[in-house]
Amino acid sequence: MINKIKERLSFLKRIELTKFSAFASSYCYNLPEEIQIELTTRCNLNCPWCGRKQTKDKSAVIDKIKLKEFIKTLKGIKKVRFVGGGEPLLYPDLVEIIRFGKRYIPNVSLTTNGVLLDKKIISELVESGLSDIAVSLDGTDKKTCYKTKGTDLNQIVKNVKTLRQISNLPIEIWAVVSKENLESLKSIPELAKSLGASYIQFDHMDEIVSSNPFHKIEYNSPELREFVAIVADKCKNLNIKSNAEHLLIPKNNLFNSKICMIPFFYPFIDVNGDLTVCCINHQKLVNVFGKSFKEIWNSKETCNLRKKIIQGKYPGFCKEICGYGINKN
């Protein structure tokens, strides 16, 4: 009953933002649908489009004690995902934090590049109570995988197959789409099926790294429309869910709204404990350490940001990356 009420409140907030736009409230009576937490900025890969390249401290880890105190205040939150600019498997206390998080949060998820998934860590993750795992794969052949991730595709595939063999942990595949890897990703449904994955999430590449040799593909280009049609059909035949069709919708129209939904439903907390605008724009709003989630979710700083978004006063970064504040259609 309580869960249904929470879902209803979330639905009502979406309706409010979509239908009333500039007249919507910056206050969130709904809880987030998911909280994303960055555990570390350390990473074993160097993906060319990763925003980590802009991070000054590439070896930071979140304070375990402070994080635990914050997690205690998350009772009522449905889902937390450990993700971010670094590789979560490099966080030394990952298993302990997942196990601790499960005391307060029903769904604790993890996103990884998959390189470090060996039998030992897989067993520990399963034992910790991890709810599901997402593995990033941006190519289905060795050449493309090496260009996008700088690592061996076979090693990742081997690791994920080991995961499937020794556990029933739900697996998702996350793929970043660009002009250069579009052809390779046409085979991602078959690869996902062979790995026992049940869902594929596609995301457009965000051009935030000046040295990035990859290029973003236009939302309504013939190449992308063909790609979506092929992949969607394959996923349907293979009984795999995906968000492929969303690739054709500009981010600023994703929910048929002029309002970015991220600050209203998907808060991101960085390695320093700062609640930020989103997982791409790390503009700090308020630090969560030493506070309860209730305090920061509708804090003065958070509501002020939402108010600006409702009014269409987007920061330059939002205009550049997602087109908010430019395209009003």
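Heads up: the structure comes first, above all this text.
Residues numbered from 1 in each chain as written. Predicted model: local features only at pLDDT ≥ 70, side-chain atom pairs only at ≥ 80, totals over all residues. Heavy atoms only, no water.

1. Some points on the pattern of salt bridges
Opposite charge on two side chains permits pairing when their charged atoms draw close.
Inference 1: Following the criterion strictly, the structure yields 17 salt bridges and no others.
Inference 2: A salt bridge links Glu33 to Arg14; the shortest N-O distance between them is 3.1 Å. Taken together, the positions of Glu33 in the loop between helix 1 (2–20) and strand 1 (35–38) and Arg14 in helix 1 put the pair 19 residues apart, joining distant regions of the chain.
Inference 3: Relative accessible area serves as the criterion here: at 28%, Glu33 is assigned to the partly exposed category.
Inference 4: A salt bridge links Asp93 to Lys64; its shortest N-O distance comes to 3.8 Å. Note that Asp93 is positioned in the loop between strand 2 (79–83) and helix 3 (94–101) and Lys64 in helix 2 (residues 64–71), a separation of 29 residues in sequence.
Inference 5: Because the salt bridges share partners, they merge into one network encompassing Glu34, Lys79, Arg81 and Asp132. (Salt bridge = Lys/Arg side-chain N within 4 Å of Asp/Glu carboxyl O. Helix = DSSP H or I, 4+ residues; strand = E, 2+ residues; numbered from the N terminus. Buried < 20%, exposed > 50% of the residue type's maximum accessible area, 1.4 Å probe, protein only.)

2. A short note on a nonpolar patch on the surface
Inference 1: Residues Ile5, Leu9, Phe11, Leu12, Ile15, Tyr27 and Tyr29 make up a contiguous nonpolar surface patch of about 630 Å² in total accessible area.
Inference 2: Within the element layout of this structure, Tyr27 appears in the loop between helix 1 and strand 1.
Inference 3: Under the relative-accessibility criterion, Tyr27 is labelled partly exposed at 45%. (Patch = residues over 30% accessible without salt bridge, like charges linked within 9 Å, V, L, I, M, F, W, Y side chains within 5 Å. Areas by Shrake-Rupley, 256 points an atom, 1.4 Å probe, with all protein chains shown as cover.)

3. A few points about the packing of aromatic side chains
Inference 1: In the structure shown here, the tally under the stated rule is six aromatic pairs.
Inference 2: Ring centres of Phe265 and Tyr266 lie 6.4 Å apart, and the angle between their planes is 50°; this geometry places the pair in the tilted category.
Inference 3: Look at Tyr266 and you get partly exposed, because its relative accessible area is 24%.
Inference 4: Note on Phe293 and Trp297: the rings are 5.4 Å apart at their centroids and 25° apart in plane angle, and the pair reads as stacked. Taken as a pair, Phe293 and Trp297 lie in helix 10 (residues 293–297) at a separation of four residues, close to a single helical turn. With respect to class, Phe293 is no different from Trp297; both count as buried.
Inference 5: Clustering of aromatic rings is evident, with ring pairs tying together Phe70, Phe293 and Trp297.
Inference 6: Directly above the ring of Phe100 sits Lys68, whose terminal nitrogen or CZ lies 5.1 Å from the centroid. (Phe/Tyr/Trp six-rings, centres within 6.5 Å; stacked < 30°, edge-to-face > 60°. Lys NZ or Arg CZ within 6 Å of the ring centre and 35° of its normal.)

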